[in-house]
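Chain by chain, the residues run as shown.
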Amino acid sequence: TSEGLPGRCPECWIRREYCVCADVPQVISRTEVVVIRHLRESFKSTGTVRPAALALRTLRCIDYSEDGQPAIDLQPTYAQPGSYVLFPSDSPSPWPSGAVSRLILIDGTWRQARRMYQRLPSLHSLPQLSLPPKAERVLRLREAPSQVGRSTLEAIADALEILEGESIAAPLHALHRLYVERVFRARGVWNLRSAILGISK
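Residue numbers restart at each chain and count upward from 1, following the sequence in its written direction. For a predicted model such as this one, the threshold for reporting local features is a pLDDT of at least 70, and the threshold for listing and counting side-chain atom pairs is 80 or more; totals across whole chains, interfaces and linings nevertheless cover every residue. Side-chain numbers here rest on the full set of heavy atoms in the structure, without hydrogens or water.

Novice: Before we go on, may I ask you to explain the packing of aromatic side chains in this structure?
Specialist: Aromatic ring pairs are reported here in terms of the distance separating the ring centres and the angle at which the planes meet. The pairing test for Phe, Tyr and Trp rings, Trp by its six-membered ring, is centres within 6.5 Å, and the orientation test on the planes gives stacked under 30 degrees, edge-to-face over 60, and tilted for anything in between. Scanning the entire structure with this criterion turns up two aromatic pairs. Taken together, the ring pairs in this structure connect Phe87, Trp110 and Tyr117 into an aromatic cluster. Only when the NZ atom of a Lys or the CZ atom of an Arg is both within 6 Å of the ring centre and within 35 degrees of the ring normal do we say a charge sits over the ring. One cation-aromatic arrangement involves Arg50 over Trp13; the distance from NZ or CZ to the ring centre is 3.7 Å.

Novice: Is there a simple way to think about the environment of Arg177 in this case?
Specialist: Within the element layout of this structure, Arg177 appears in helix α4 (residues 166–187). Note on Arg177: relative accessible area 53%, which makes it exposed. Helix and strand definitions here come from DSSP, where helices need a minimum of 4 consecutive H or I residues and strands a minimum of 2 consecutive E residues; each element is numbered from the N-terminal end. Exposed residues in this analysis have more than 50% of their type's maximum accessible area, buried residues have under 20%, and partly exposed residues fall in between, with area computed by a 1.4 Å probe over protein chains only.

Novice: Would you take a moment to explain the nonpolar core for this structure?
Specialist: The tendency in soluble globular proteins is for nonpolar side chains to be buried side by side. Judged by nonpolar contacts, the single largest core of 39 residues is most densely connected at Leu86, Leu103, Ile156 and Leu172. Taken together, the elements giving at least two residues each to this core come down to β1 (32–38), α1 (49–55), β3 (83–86), β4 (102–107), α3 (152–164) and α4. Here the element with the most residues in this core is α4; it accounts for nine residues. Apart from the residues within four sequence positions on either side, Ile156 is in contact with Val33, Val35, Ala52, Leu56, Leu59, Leu105 and Leu172. The next biggest cluster of nonpolar side chains, apart from the first, holds 14 residues, and it includes Ile36, Val85, Phe87 and Met116. As used here, the term nonpolar core means buried Ala, Val, Leu, Ile, Met, Phe, Trp, Tyr and Cys residues forming a set that is joined through side-chain atoms within 4.5 Å. Throughout, a contact is declared for two residues whenever any of their heavy atoms are within 4.5 Å.

Following this line, the structure appears as structure tokens:
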């Protein structure tokens, strides 16, 4: 996205005529959400951490600069009991009931996420949680590389649905659908993209 955001909303980064800010829900979850975002993702208008942060008051985003500080680590306070990492794993921990106070996600391409995890040793001692494959196809701004792949906003919504119920997740899922639609409409490709899933135009 061009520096200075010409013609774009400074909050959601979508072209002003398609801005979603007036429709962003305000969601308060019991679970603190911490997103470690690769610095390159912060420059992309397709990143879904931005609308997630507008909606979810308990979300904190930490930008990770791989080139500037390759050994950067999280503050020790994050590696405490009740903190879990949402990350694909061959041996994930069972989803606990009521024990998750902090959920940590890594935001970036799959390759970036793996490297970030390797370079954040404080995460290695935390239990990992993984989301199951989606039962239905979802329209996303970027195609997921696997059945368990999701956008970050979508992953947050799915995780909070497991932890806190549908009432918390539903407005976040609705925001994800709206955000994807507005971005595609701003690009003039909504009719083409929505036809893939048979979504009404």
